[in-house]
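# Structure at a glance
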Amino acid sequence: MAFMDCCYASNEGKRVMTLQQFKQWVKTSFDTNRDGRISKAELREAIRLTGFLFASWKSNKVLKSADTDHDGFIDEKEFINLAQFAEKHLNVRITK
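These numbers come from a predicted model, not from an experiment.

Ranked by internal contacts, the top residues of the largest apolar core, which has 22 residues, are Phe22, Val26, Leu43 and Leu82. Of all the elements in the fold, those that place two or more residues in this core are helix 1 (19–30), helix 2 (40–49), helix 3 (55–66), helix 4 (79–89) and strand 5 (92–95). The greatest single-element share of this core, amounting to five residues, is contributed by helix 4. With residues up to four places along the chain from it excluded, the contact list for Val26 reads Asp31, Ile38, Phe79 and Leu82.

Moving on, we come to helix 1. Taking 1.5 Å of rise per residue, the twelve residues of helix 1 would be expected to cover 16 Å, and the 16 Å separating its terminal C-alpha atoms lies within 8% of that figure. Residues of helix 1 that are buried: Phe22, Lys23, Trp25, Val26 and Phe30. Buried residues in helix 1, looked at end-on, bunch into an arc of 165°, giving them a common side. Buried positions along helix 1 lie against strand 2 (15–18), strand 3 (38–39), helix 2, helix 4 and strand 5.

This paragraph deals with the packing of helix 3 against helix 4. Relative to each other, helix 3 and helix 4 sit at 135°, their axes nearing to 9 Å. Between helix 3 and helix 4, the interaxial angle falls into the category oblique. Considering only the axes of helix 3 and helix 4, their crossing is right-handed. Contact with helix 3, carried on its side by Lys58, Lys61, Val62, Ser65 and Ala66, involves Asn81, Leu82, Phe85 and His89 of helix 4 and no other residues of that element.

Rules used throughout
Residues numbered from 1 in each chain as written. Predicted model: local features only at pLDDT ≥ 70, side-chain atom pairs only at ≥ 80, totals over all residues. Heavy atoms only, no water. Core = buried A, V, L, I, M, F, W, Y, C linked by side-chain atoms within 4.5 Å. Buried < 20%, exposed > 50% of the residue type's maximum accessible area, 1.4 Å probe, protein only. Helix = DSSP H or I, 4+ residues; strand = E, 2+ residues; numbered from the N terminus. Contact = heavy atoms within 4.5 Å. Expected span 1.5 Å × (residues − 1). Arc of directions from axis to C-beta. Axes fitted to C-alpha atoms, helices over the stretch in contact; angles between N-to-C directions. Parallel < 35°, antiparallel > 145°, perpendicular 65-115°, else oblique. Left-handed = near helix turned anticlockwise from the far one by under 90°.

Shape descriptors only; they carry no functional weight alone.
Here's what the structure looks like:
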């Protein structure tokens, strides 16, 4: 699923989607082993494919911010943290 298939661009150029659309997009597009969580490698690839430079550095920053139980994965209960990080740093806006 392409990023723009699940959302639209706002006037500010941000990708706009609901939290549910964000979760679905991340899981469908980047959970390559289909275990229901996002690993550091999957996160790095997601950031790289969305066109951001320094994907490895950003994926470390995202994981540190979103992975509250420090198990090395973003799981279902941590997707809200990932969405908040994406809003602040990855040009995404999450709507209700």
